[in-house]
Protein chains: 2
Amino acid sequence: MAGEKKVEQITDMEADFAQWYTDVCLKAELIDYSSVKGMFILRPYGYAIWENIQAYLDRAFKGCGHVNVSMPLLIPEGLLQKEKDHVEGFAPECAWVTFGGSEELSERLCVRPTSETLFCEHWSHILRSWRDLPYLYNQWCSVLRWEKTTRPFLRHREFLWQEGHTLHATAEEAVSETERMLEVYADCCENFLAMPVLRGIKTESEKFAGAERTYALECMMHDRKALQNGTSHYFGDGFTRAFGITFSDRNNQQAYPFQTSWGFTTRTIGGGIMTHGDNSGLVLPPRVAPFQVVVLPVAAHKPGVAEAAQALAGRLTAAGLRVKEDFSDNSPGWKFAEYEMKGVPLRLELGPRDIAAGHCVAVRRDSGEKTALPLENVEQSVQVLLDDIQSALFHKAKENLLSHTYAARTVSEVKAIAGGAGGFIKPMWCGDAACEAAMKEKAGVSSRCLPFAQEKLGDTCAVCGKPADKMVVWGVAY
Amino acid sequence: MAGEKKVEQITDMEADFAQWYTDVCLKAELIDYSSVKGMFILRPYGYAIWENIQAYLDRAFKGCGHVNVSMPLLIPEGLLQKEKDHVEGFAPECAWVTFGGSEELSERLCVRPTSETLFCEHWSHILRSWRDLPYLYNQWCSVLRWEKTTRPFLRHREFLWQEGHTLHATAEEAVSETERMLEVYADCCENFLAMPVLRGIKTESEKFAGAERTYALECMMHDRKALQNGTSHYFGDGFTRAFGITFSDRNNQQAYPFQTSWGFTTRTIGGGIMTHGDNSGLVLPPRVAPFQVVVLPVAAHKPGVAEAAQALAGRLTAAGLRVKEDFSDNSPGWKFAEYEMKGVPLRLELGPRDIAAGHCVAVRRDSGEKTALPLENVEQSVQVLLDDIQSALFHKAKENLLSHTYAARTVSEVKAIAGGAGGFIKPMWCGDAACEAAMKEKAGVSSRCLPFAQEKLGDTCAVCGKPADKMVVWGVAY
């Protein structure tokens, strides 16, 4: 059965990758368009995936001592302007509220594109002493960025995310928080979403507006393009000086605290589609799937079948699994295609012959492999299969990443790889921003990050030929 | 200890109820002001209360079969205008986005004040057949209403809420859904928040803009004012006709479906403060409290005390309770006042003498009552005390509601009660909107609802003297 195409209305990814992606988003009922360009509706099945991600991350944050808060939606223009680099980065893509009811506002308000300025203003009111620190805050919300080009999950004008904002007495503590939260995201990507990541630091030109340093995770999609999936920023005391946030330190001296922020968004759902999906539609890793198992009766009208299927679904639910049952009068073929398209990791079929034999038939979404599972101990054997699917998806994606990561010594080598199969390309770099800009223009790629795991693949800059000791990963990015 | 005032900076409620309320909101660190009027910051302690309410309601909704979705933040003006009564009700208090980046928009977009129009537009795209119904949707988000007068929790320009939106094949099913969800809210108020409610139907003049019928819950505050706490609306097919939403019914005929919506907001936190709070600050029912128990070591420097307190906190946490420990070097007196102000239901003190006696001292926040609890089985005795506090708070609030609910036969009787001790006032009403308007103007009260539990307290209208068979509850409302 593996590879057999069931759902005719999805375009093949080899024929048109972008259309395949849009087809999956719409036909698996993850998303719908609204009447405002770039503002998407997350339908129940798409939102359920986000809820599972939220639950995983929220538990991780609370385990680190973070607490949730709610900040206002709107930022007065004057507040946004307090930190110079920040406003330069964000003002061009803000949506502006200019009227409240029938009254024109004396100062226009932007719908938050991110909330550093709001947190800083609040902290300036409440911070007194080193005893109050650290502040370890997080907020779940949506933000607006008035993008010109938009795509489901990958680039919305409004997207859902969490934004963590923390404040610390020392720079060391803030840097260590920035790194800790990148690792929390990496854990979520690798162990929950089955998406292998490259951990690294952004170059100056690619860092967050107002940050001193930006850490990021990069994932590789089926089409070998890069997707940034989670960022963590260290701000030093840039904002706290701009906002006049001080505290009295252990020596009773007034001092400026140090700040971080970090965010993870619904774009990761798009990344998951392009990491695991296939020509039959969505493929969801079991840990994040809204339904991990679908139980389908075969010949449900025959005596005992519906009851046996219901009992099976009940047992799996009682064992803590997320189970979908479908007893509708749609044909088994239609149901197979439907739940394949929706990426349910495991299908369990149960017909009169299976019942007689004391088993059900398990069909894996990732490989199409069929196994007869004895009904005795089915809870355990289903869990084993789900764990195996989770692990297989991760390793397949890791293999894709590793086998499409290339060394390169010159701009033309980078360009040839990017224009060919594509992937992560690792030339050496002297550190000069002009060389970065030249590579971007000539090779049609952008710098993804300076990986934590640096390799010495040469000693000269791929652009200028001068001595170089930094390895940068480049790619074509979403 | 009961009634002794520990926290001097909170105004007495008898001296100035409004100032007492604001003091509690700010000094218990529930909320802070932002730089935009009416847009409040929910601080960690305030937001934690909301998270507990969210968890309770979300579980209840999912138990009823509702699924969560995410709709856009912005509504095009033309979409808002599709249902005539709805736009009349909401347009005057909308905030309008007129610029995206540097570009003026061709159609202005309002920040959602509520999302009926967005759900209807989406449904018009996806609905085909009676097999698709019912749609049982919910969304957790914030909405904006550009109010002139604002107060923490009670009236925000931006507030957090959930909005449920459902679509049904028949009017009967939609009405029954409207009533079911009111009952879910009533359960949350009474059994989780310990706030007794009056269930009823709003008069025509007080119903939601565009609704055919609005059900509501009314609570009574310490100052005998009414607080509306949860509403549920039945729309008939008004919106679905306006939006052209049709489906093919069981007889293969095109038909218009029937709609409901229902909402519950952060204003309930303000209601809880004014239902349970006292002159020492917040009083939280154990089920919703971020911390149910605070464990405080007394003479923590003496050998074994800190360890014993930590062990006690650990045992209670392991038993599933939400426990705060405070081992800071603040004085016991300061800590007592701090956690009283924050409304932690139960304080457990543990000093050298307690340890020697094999007990800890439990102090109830609601009554100040002290009990020595043997450390053996302390998990069970703490749970018994918490259950008793939860129940005592409910019954005290119920007593307040019942003892300030009055029959009245004339406008001047209503006015005298409202201008005196205040409370719920129950005159009879003929059903004429003119009589309702006259009562409002002359007695300074607004109609709260037509209670489900109607009483025949007379047979003439308190305003016009004509025959009347409806009992309306009136009051001064937040």
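Look above for the structure.
Criteria and cut-off values
Residues numbered from 1 in each chain as written. Chains lettered and ligands numbered in written order. Predicted model: local features only at pLDDT ≥ 70, side-chain atom pairs only at ≥ 80, totals over all residues. Heavy atoms only, no water. Least-squares fit on C-alpha atoms with pLDDT ≥ 70 in both. Contact = heavy atoms within 4.5 Å. Helix = DSSP H or I, 4+ residues; strand = E, 2+ residues; numbered from the N terminus. Buried < 20%, exposed > 50% of the residue type's maximum accessible area, 1.4 Å probe, protein only. Polar contact = N/O pair within 3.5 Å; in protein donor to acceptor, adjacent residues only side chain to side chain. Pairing = 2+ DSSP bridges. Axes fitted to C-alpha atoms, helices over the stretch in contact; angles between N-to-C directions. Phe/Tyr/Trp six-rings, centres within 6.5 Å; stacked < 30°, edge-to-face > 60°. Lys NZ or Arg CZ within 6 Å of the ring centre and 35° of its normal. Buried area = accessible area lost by both parts, 1.4 Å probe. Salt bridge = Lys/Arg side-chain N within 4 Å of Asp/Glu carboxyl O.

Chemist: Would you mind going over the relation of the copies chain A and chain B with me for this structure?
Modeler: Two copies of one chain are present, and they are related through a rotation about an axis combined with an axial shift. The two copies are related by a screw operation: chain A maps onto chain B through 180 degrees of rotation and 0.0 Å of translation along the axis, at an RMSD of 0.0 Å. This pairing of chains is accounted for by a two-fold axis. Taking C-alpha positions as the reference, the residue of chain A nearest the rotation axis is Val97(A), at 2.1 Å. Take the interface residues of chain A: 100% of them recur as interface residues in chain B, which is what a same-surface contact looks like.

Chemist: Hey, could you run me through the side chain of His276(B) in this one?
Modeler: All names here are of chain B. Among the secondary structure elements, His 276 is positioned in helix H8 (residues 267–276). Under the relative-accessibility criterion, His 276 is labelled buried at 6%. In this structure the side chain of His 276 is engaged in a polar contact, spanning 3.0 Å, whose partner is the backbone oxygen of Leu 193.

Chemist: Before we go on, may I ask you to explain the sheet that holds strand S19 (residues 370–374) of chain B in this structure?
Modeler: Neighbouring strands of a sheet are bound in pairs by backbone hydrogen bonds; such pairs are parallel or else antiparallel. Residue and element names in this part refer to chain B. Strand order in the open sheet formed by five strands is S16-S15-S17-S18-S19, and the pairing between neighbours is mixed. Both edges of this open sheet fall to strand S16 (323–325) and S19, since each of them pairs with a single strand only. Ignoring strand direction, the axes of neighbouring strands in this sheet form an average angle of 25 degrees. By the bridge criterion, five bridges tie strand S18 (residues 359–364) to S19 in an arrangement that is antiparallel. Bridge assignment links Ala 362 to a residue of S19, and that residue is Thr 371. Across the sheet, helix H10 (residues 332–341) is in contact with strand S15 (293–297), S16 and strand S17 (346–350); its angle to S15 comes to roughly 175 degrees. Against the sheet, helix H12 (residues 378–403) makes contact with S15, S17, S18 and S19, and its axis sits at roughly 10 degrees relative to S18, the strand it touches most.

Chemist: What am I meant to see in the packing of aromatic side chains here?
Modeler: Two descriptors summarise a pair of aromatic rings, namely the distance from one centre to the other and the angle between the planes of the rings. One pass over the structure, following the stated rule, counts 40 aromatic pairs over all chains. Taking the centre distance of 5.5 Å and the plane angle of 45 degrees together, the rings of Tyr135(A) and Tyr137(A) count as tilted. Residues Tyr135(A) and Tyr137(A) agree in their burial class; the two are buried. Here the aromatic residues Trp50(A), Phe61(A), Trp140(A), Tyr185(A), Trp262(A) and Phe264(A) are joined through ring pairs into a cluster of three or more. Between the NZ or CZ atom of Lys342(A) and the centre of the ring of Tyr45(A), over which it lies, the distance is 5.2 Å. Over the ring of Trp96(B) we find Arg108(B), and its NZ or CZ is 3.9 Å from the ring centre.

Chemist: So what exactly am I meant to see when it comes to the interface of chain A and chain B here?
Modeler: You'll often see interface size given as the accessible area lost when the parts meet. The interface of chain A with chain B comprises 52 residues on the first partner and 54 residues on the second. By the criterion of area lost to chain B, the three top residues of chain A are Pro44(A), Ser70(A) and Leu73(A), representing 12% of everything that side buries. Here chain A is connected to chain B by four salt bridges. Put simply, Glu51(B) and Lys62(A) hold a salt bridge, and the shortest N to O gap is 2.9 Å. Examining the composition of the side of chain A that touches chain B, we find that six residues originate from one element, strand S5 (residues 95–100) of chain A, more than from any other. Inspection of the sheet shows S5(A) paired to strand S5 (residues 95–100) of chain B by five bridges, in the antiparallel sense. By the bridge assignment for S5(B), Ala95(A) is matched with Gly100(B).

Function cannot be inferred from these measures alone, as they are strictly geometric.
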